[in-house]
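The primary structure of each chain is shown beneath.
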Amino acid sequence: MPQPTPVTELANSTAATADTIAELKAELEKYPQTRRHSAIVLEKDLDQELTRFCKELGITVEVFLEAAWTVASTDNALTEKITTEAKRRYDQRKRVGQIKRLITMLTNPSK
């Protein structure tokens, strides 16, 4: 039997790698695609609590938010409750922004 040469070994290795890549790509197609989302801003205490909670479970905050949305979006009452809280928080954030702008304007009147 002929001894494999470096060229035939490379050809066999390349073919095996191509098969592996094709299998991996086929498997990847079975999963939902992801997309990077802009950085989020959270209340300081809530961020610490959520980060600790997720770390203890061995998950990321992003994956937790995906799962929470997936579950909540199937329950109209829960979605409404969350939306009410979200609107309250949004109005609060807007007011904080207004206050900070006013403080800046009053602190630096020449700008």
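Structure: see above.
Worth saying up front: this structure is predicted, and the values here are computed from it rather than measured.

S.K.: Summarise the overall build of the protein; cite the residues concerned and give the values.
M.R.: Of the regular secondary structure elements, the protein holds 4 helices and 0 strands. Taken across its 111 residues, the protein has 4% of its residues classed as buried.

S.K.: An account of the pattern of salt bridges is requested, with residue identities and associated values reported.
M.R.: Evaluated as defined, the whole model comprises 4 salt bridges. Glu 85 is the partner of Arg 88 in a salt bridge, and the nearest nitrogen-oxygen pair spans 2.7 Å. Here Glu 85 and Arg 88 lie together in helix α4 (residues 76-107), a separation of 3 residues that amounts to about one turn. Classification of Glu 85 as partly exposed rests on a relative accessible area of 31%.

S.K.: I'd love a proper account of the packing of aromatic side chains, names of residues and values included.
M.R.: Summed over all chains, the structure comprises 1 aromatic pair. A centroid spacing of 5.5 Å and a plane angle of 80 degrees characterise the contact between Phe 53 and Phe 64, whose relative ring orientation is edge-to-face. Taken together, the residues Phe 53 in helix α2 (residues 44-57) and Phe 64 in helix α3 (residues 61-72) connect sequence positions 11 residues apart. The exposure class of Phe 64 is partly exposed, given its relative accessible area of 28%.

Cut-offs applied
- Residues numbered from 1 in each chain as written.
- Predicted model: local features only at pLDDT ≥ 70, side-chain atom pairs only at ≥ 80, totals over all residues.
- Heavy atoms only, no water.
- Helix = DSSP H or I, 4+ residues; strand = E, 2+ residues; numbered from the N terminus.
- Buried < 20%, exposed > 50% of the residue type's maximum accessible area, 1.4 Å probe, protein only.
- Salt bridge = Lys/Arg side-chain N within 4 Å of Asp/Glu carboxyl O.
- Phe/Tyr/Trp six-rings, centres within 6.5 Å; stacked < 30°, edge-to-face > 60°.

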